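Listed below are the residues making up each chain.
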Amino acid sequence: MKKLAIFLFLLSGLQVVSAQDDLLKMLDNESTGPLYATATFKSTRVINGQSVETIAKKHLDFRISHRFGALNSGFSNLWGLDESRIRIGLEYGLTDRLMIGAGRSSYQKTYDYFAKYKLLRQSNRWFEPVSIAVFAGAYTNTMPTSPDMKFYNNLERQMYVGQVLIARKFNDRVSLQLSPTFLHRNKTESQIDENDVFGTGIGGRFKLSKRTSFNAEYFYTVKKIGTAYVRDPQYKDCLSLGFDIETGGHVFQLHLSNSRGMIENQFIGATTGSWGKGDIFYGFNISRVFSFDKNAKKTHK
Amino acid sequence: MKLRLLIVFCFLFGKAIAQDMLIARNAQVSFFSETPLENISGLNKNVTAILNTKSNDIAVKMQVAQFEFPNKLMQEHFNENYLESDKYPVASFTGKIQEKVDFGKEGTQTITAKGMLNMHGVAKERTLTGKLTITKTGATLACDFTVPLTDHKIEIPKLVFEKIAEVITVKANYSFVHFESKK
């Protein structure tokens, strides 16, 4: 009895010592609102493909992307470094969820225009396990008409893409994304390639340090529907591997890919390079985000 | 019988009673960092704090990821690179008010609280000064202090274009009401 009393007394003493931690525990029961996942990816692109990220409201993303020549093009071409294809793009956040963008690729002289809308943001609430964005893009090929690719009217130059981007940030290092894709070309380069392409992208990143991550991305396209082949066998699935390096204002993305094209109709629909044969293109994206929000200059002082 | 009394006594003595508690929900904490290039500021409107009027113990807790920045890029860098909010989601302060406070009497007084400031996974002993105003419905507390980033092992890497001040100014405003358990 005495022992028990002493024990209880000591116990109560311990509770006094940890009273402040008890207070902190009481605060655990207080709700503080949802916690949204930040920066599932560092940039609006995983590598070639769109990521679930959008540009914030009144922020402008200026993007310059390069793809050099094929690594197997030999010494005379300095393994591809002698030449490059570029895309220049301007992308803008209308709201924190809706962004629009336009760009011009020197590869096939193609203009692209797109909109991306974030439907769902991943949070710590059970009904928001993933982030979901929808992406719609249109592309115009402005190459002069040629025997290889004869355009009879301007409508034939148009291509369209729709994607649903589903991503989850599993922890501070690992994010994965699935991107079911539908691509329609009004005219295809190859006669045996169907106008419609169905496929899905799988991409992810693994953070190596606070400012660098390793990214990988694979776009699978459906080759056969029933017994009918829908793709020209010269077209391959696009595989890209690369690194994101973030330096404060800029995000640099350095990567290797078997696609030279940087926009959806090109890397999903018309990748001819093969990793096995060394048709690998070294490339990089540079993204610089500017804030045009006048309120951004204001502070909470 | 004696034992039962003893148990009740011990628990009353040890555990805080809800009646002696003041709680602040949706309190605001902001910080400010002046740099040659750009000023950086963030605001968290979902801070919670609790104050034991008997023992003078105080605890403050906030989710680091809930700081909002006018510049979203800064917000991302704050979470990803500096505070690492995925790894260290919570910042807190637990301490004891050093002065005698009569919570029954309305009025303003300057108080100091000694305790641990915990952020970025590093706890640091601090004595913070604030202004406590007792009101009819509870109390308000305004508090200013500075945080040297090195205290909490928040690294400023060399390879960044944005310059970040080594010491940031923090402002906090709490309005306390009497605690009512939500059960």
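Quick caveat: nothing in here was measured; it's all calculated off a predicted structure.

Q: Help me understand the overall build of chain B, please; the structure alone is not making it clear to me.
A: The secondary structure content of chain B amounts to 2 helices and 8 strands. Taken from the N to the C terminus, the helices and strands of chain B come in the order α-β-β-β-α-β-β-β-β-β. Within chain B, the fraction of its 183 residues that count as buried is 50%. When contacts within chain B are restricted to residue pairs at least 6 apart in sequence, those whose partners lie at least 24 apart make up 58%. A total accessible area of about 9700 Å² is found for chain B, and carbon and sulfur atoms account for 55% of it.

Q: What's the story with the overall build of chain A in this structure? I'm lost.
A: Along chain A, the regular secondary structure elements total 4 helices and 14 strands. The contacts of chain A with a sequence gap of at least 6 include a subset with a gap of at least 24, amounting to 58%. Of the side-chain charges in chain A, 40 are positive and 27 negative, and the distance between the mean point of each set is 5 Å.

Q: Please clarify how the confidence of the model for chain B should be interpreted in this entry.
A: Low-pLDDT portions of the prediction should not be read for the details of their coordinates. Of all residues in chain B, 85% have pLDDT values of 70 or greater, and the mean over the chain is 85. Summarising per-element confidence for chain B, the mean pLDDT is lowest in helix α1 (residues 2–14) of chain B (56) and highest in strand β6 (residues 122–134) of chain B (94).

Q: How do you make sense of the pairing of strand β3 (residues 98–105) of chain A when you look at a structure like this?
A: Successive residues of a regular strand alternate their side chains across the two faces of the sheet. Residue and element names in this part refer to chain A. A one-sided burial pattern is seen for β3, the buried positions being Met-99, Gly-101, Gly-103 and Ser-105 and the unburied ones Leu-98, Ile-100, Ala-102 and Arg-104. The hairpin formed by strand β2 (residues 84–93) and β3 contains 4 residues between the paired strands. The pairing of β3 with strand β4 (residues 110–120) spans 8 bridges and is antiparallel. For Ala-102, the partnering residue across the bridge sits in β4 and is Tyr-113. Hairpin geometry of β3 and β4 is characterised by an intervening segment of 4 residues between the two adjacent antiparallel strands and by a positive phi of about 60 degrees at Gln-108.

Q: Please explain the nonpolar core as it appears in this structure.
A: Nonpolar side chains tend toward joint burial in soluble globular proteins. Counting 44 residues, the largest nonpolar core has B:Val29, B:Phe31, B:Leu132, B:Tyr174 and B:Phe176 as the members making the most contacts within it. Excluding residues that lie within four positions of it along the chain, B:Tyr174 makes contacts with B:Ala24, B:Ala27, B:Val29, B:Val47, B:Ala49, B:Val60, B:Ala139, B:Thr140 and B:Leu141. If you look at the next biggest cluster of nonpolar residues, it comprises 21 residues, including A:Phe114, A:Ala133, A:Ala167 and A:Ile263.

Q: For this particular structure, what's the right way to read the environment of B:Glu76?
A: Its location among the elements puts B:Glu76 in helix α2 (residues 72–82). As a C-alpha pair, B:Glu76 and B:Phe176 span 100 residues in sequence and 31 Å in three-dimensional space. What B:Glu76 contacts, discounting residues up to four positions off in sequence, is A:Ala39, A:Lys42 and B:Asn81.

Q: What's the story with the side chain of A:Glu128 in this structure? I'm lost.
A: All names here are of chain A. Here Glu-128 is to be found in the loop between β4 and β5 (131–141). Within the structure, Glu-128 has its side chain in polar contact with the side chain of Ser-123 (distance 2.5 Å). With residues near it in sequence (within four places) discarded, Glu-128 still touches Tyr-36, Leu-120, Arg-121, Gln-122 and Ser-123.

Q: Quick question: what am I supposed to make of the sheet that holds β3(A) here?
A: Through backbone hydrogen bonds, the strands of a sheet pair up, either in parallel or in antiparallel fashion. Residues and elements named next belong to chain A. The strand order around the closed barrel formed by 12 strands is β1-β2-β3-β4-β5-β6-β7-β8-β9-β12-β13-β14, and the pairing between neighbours is antiparallel. The sheet shows a mean angle of 20 degrees between the axes of neighbouring strands, direction not considered. Across 9 bridges, strand β8 (residues 196–207) lies against strand β9 (residues 212–221) in antiparallel orientation. Among the inter-strand pairings, Lys-207 is bridged to a residue of β9, identified as Ser-213.

Q: I tried to follow the packing of aromatic side chains on my own but got confused; where do I start?
A: The geometry of an aromatic ring pair is captured by two quantities: the separation of the ring centres and the angle between the planes. Tallied over the entire structure, the rule returns 14 aromatic pairs over all chains. Aromatic side chains A:Phe182 and A:Phe198 sit 5.2 Å apart centroid to centroid with 40 degrees between the ring planes, which places their arrangement in the tilted category. Highlighted residues: A:Phe182 in strand β7 (residues 174–185) and A:Phe198 in strand β8, separated in sequence by 16 residues. A residue is classified by how much of its surface remains accessible, and A:Phe182, at 33% relative accessible area, is partly exposed. The exposure class assigned to A:Phe198 is partly exposed, which follows from its relative accessible area of 39%. An angle of 70 degrees between the planes, with centres 5.6 Å apart, marks the rings of B:Phe67 and B:Phe78 as edge-to-face. Separated by 11 residues along the polypeptide, B:Phe67 in the loop between β3 (57–63) and α2 and B:Phe78 in helix α2 bring together distant segments of the chain. Classification of B:Phe67 as buried rests on a relative accessible area of 7%. On the basis of relative accessibility, which here comes to 10%, the residue B:Phe78 falls in the buried class. Here the aromatic residues B:Phe31, B:Phe67, B:Phe69 and B:Phe78 are joined through ring pairs into a cluster of three or more. Note that A:Arg104 overlies the ring of A:Tyr111, its terminal NZ or CZ placed 5.1 Å from the centroid.

Q: Would you take a moment to explain the pairing of β4(A) for this structure?
A: Two elements, β4(A) and β5(A), share 10 bridges in a ladder whose sense is antiparallel. Bridge assignment links A:Tyr117 to a residue of β5(A), and that residue is A:Val134.

So, how was this worked out
- Residues numbered from 1 in each chain as written.
- Chains lettered and ligands numbered in written order.
- Predicted model: local features only at pLDDT ≥ 70, side-chain atom pairs only at ≥ 80, totals over all residues.
- Heavy atoms only, no water.
- Helix = DSSP H or I, 4+ residues; strand = E, 2+ residues; numbered from the N terminus.
- Buried < 20%, exposed > 50% of the residue type's maximum accessible area, 1.4 Å probe, protein only.
- Contact = heavy atoms within 4.5 Å.
- Areas by Shrake-Rupley, 256 points an atom, 1.4 Å probe, with all protein chains shown as cover.
- Lys, Arg positive; Asp, Glu negative; His and termini not counted.
- Charge placed at Lys NZ, Arg CZ, Asp CG, Glu CD.
- pLDDT = per-residue confidence, 0-100.
- Pairing = 2+ DSSP bridges.
- Core = buried A, V, L, I, M, F, W, Y, C linked by side-chain atoms within 4.5 Å.
- Polar contact = N/O pair within 3.5 Å; in protein donor to acceptor, adjacent residues only side chain to side chain.
- Axes fitted to C-alpha atoms, helices over the stretch in contact; angles between N-to-C directions.
- Phe/Tyr/Trp six-rings, centres within 6.5 Å; stacked < 30°, edge-to-face > 60°.
- Lys NZ or Arg CZ within 6 Å of the ring centre and 35° of its normal.

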